[in-house]
Amino acid sequence: MKPVTIVGGGLAGLTLAIGLRQSGVPVTLYEAGSYPRHRVCGEFISGRGQAVLSTLGLLPLLESCGMRQAQTAAWFQSGRSSAIRSELPEPAWCVSRHPLDLRLAEEFVRLGGHLEQRHRWTGVPKDEGIVMASGRRVQSSADGWRWWALKTHVSNVSMEADLEMHLEPDGYVGLCRLSDGVVNVCGLFRSGSPQPDLARTWRRWLQGSQNSVLHSRFEDATFLDGTFASVAGIALQPQKAAEQSEVRIGDALTLIPPVSGNGMSMALESAQLALDPIRAFSQSECSWTEAHRQIAQTCDTTFSRRLRWAGRLQWALFHRVPKSILWSMASRQPALLRMGFALTR
Ligand SMILES: Cc1cc2nc3c(=O)[nH]c(=O)nc-3n(C[C@H](O)[C@H](O)[C@H](O)COP(=O)(O)OP(=O)(O)OC[C@H]3O[C@@H](n4cnc5c(N)ncnc54)[C@H](O)[C@@H]3O)c2cc1C
């Protein structure tokens, strides 16, 4: 079988690597970092990615990482005392990326894959047999705004629902219950001026405005050392796979706005969509160009609707009038929240 090289060992790259090894395809995976590590992520897996993990037989692995199910969500807005509560359309899975990525990497190696950690790949992405799973594009600013994201784990936080979303004037912060009383706190923010000094101010950003419900959540909280991570230069403009000259999956293809909680699912799904065409290429049943075409076509068809809806929702949350209209509609009709989750899955 022809060998395949995967660049990037996040969720997309590791899932594809495991799926290919399960069919005996020779795979080398390059990861610039090392495992385990904390990632900027809400650690909330919703949508169809769950089925991918089941199909690949990875559920026991997730359970061994302390996965817990989330059934309920509550939304808050700073400056408003009332919350909007709703059941999730289907249970989501909450799991820390710290053990998850490590166990997936171990599984890939157990299946006979070749893993190069701490190795930044610098080849030609367009070459035959190369899959780019190298994560999100970096864009210093978009429409005059700089975007950045922060994540930490805390304990001693009491929450009203398994998942809480807190809307702030220039960002949103998600709280997600993980196992053992640990809560993931992850936020996306924007600023029109140069990015603030996050090394000094990151807790302030994640704790929200004074007097907000979000702020009150941290009254007795303990921030867990070593779990903080940050990224800057986030590009939220969707990209079409058919317009790329190389095979791309996960965030390397496109990042769905984080408010959807669907990025990990898209990483998993795009890995699964790439499996059959790449297997066929490896067995010389089709050319790399044909495999690329098939992957791009199925990814674009599968993801276009949810990218569109997630983009609209993200836009509304950062514009005062649409945000306020959405809030009053969802306050009267909380089922709209379930619909929002359903449209972005
Ligand atoms: C604020 C925020 C909150 C989020 N919350 C959620 C959530 O709750 N639920 C959800 O489903 N999604 C969420 N996401 C999105 C989710 O985290 C990503 O969509 C998902 O992790 C993408 O996985 P990936 O494998 O494509 O990329 P990544 O996980 O970024 O992995 C890419 C890997 O490639 C490596 N790499 C890059 N270049 C090279 C190179 N040249 N050589 C070798 N290695 C390289 C990097 O080191 C990295 O490990 C959130 C995102 C943000 C920004």
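Higher on the page you've got the structure.
What comes next is a walk through the structure. (Residues numbered from 1 in each chain as written. Predicted model: local features only at pLDDT ≥ 70, side-chain atom pairs only at ≥ 80, totals over all residues.)

### Notes on the overall build of the protein
Just so we agree on the cut-off: Going along the chain from the N terminus, every DSSP run of H or I of four or more residues is numbered as a helix, and every run of E of two or more is numbered as a strand. To assign burial, the other C-beta atoms lying within 10 Å of each residue's own C-beta are counted, with C-beta atoms placed from the backbone; 20 or more indicates buried, 12 or fewer indicates exposed, and intermediate counts indicate partly exposed. Contacts are defined on C-beta atoms placed from the backbone: any two residues whose C-beta positions lie within 7 Å are in contact.
Check the secondary structure of the protein and you find 10 helices and 14 strands. Counting only C-alpha atoms and orienting by the principal axes, one finds that the protein spans roughly 60 × 40 × 35 Å. Taken across its 345 residues, the protein has 45% of its residues classed as buried. Considering only residue pairs separated by 6 or more positions, the protein has 77% of its internal contacts joining residues 24 or more positions apart.

### Regarding helix α10 (residues 335-343)
This is how the line gets drawn: When we speak of the arc, we mean the arc of directions from the helix axis to the C-beta atoms.
Of the residues making up α10, those classed as buried are Leu337, Gly340 and Phe341. In a view along the axis of α10, the buried residues occupy a sector of 95°, so they form one face of it. Considering only its buried residues, α10 is in contact with β4 (68-77), β5 (84-94), α8 (288-317) and α9 (320-332).

### As for the packing of helix α7 (residues 263-282) against α8
Definition in use: Where helices are involved, their axes are fitted lines through C-alpha atoms of the stretch in contact, as for all axes, and angles between N-to-C directions lie from 0 to 180°. To sort the angles, those under 35 degrees are grouped as roughly parallel, those over 145 as roughly antiparallel, those from 65 to 115 as roughly perpendicular, and the leftovers as oblique. By definition, turning the near helix anticlockwise from the far helix through less than a right angle yields a left-handed crossing, and turning it clockwise yields a right-handed one. Gly is put with the polar residues, along with every residue not named as nonpolar or charged; the nonpolar set is Ala, Val, Leu, Ile, Met, Phe, Trp, Tyr, Cys and Pro, and the charged set is Asp, Glu, Lys and Arg.
Orientation of α7 relative to α8, taken along the N-to-C sense of each, is 155°, at an axis distance of 9 Å. The angle between α7 and α8 places the two elements in the roughly antiparallel class. Between α7 and α8 lies a crossing of right-handed hand. Contact residues: α7 offers Met266, Glu269, Ser270, Leu273, Ala274, Pro277, Ile278, Ala280 and Phe281, while α8 offers Trp288, Ala291, Gln294, Ile295, Thr298, Cys299, Thr302 and Phe303. Here the residues of the contact of α7 with α8 sort into 12 nonpolar, four polar and one charged.

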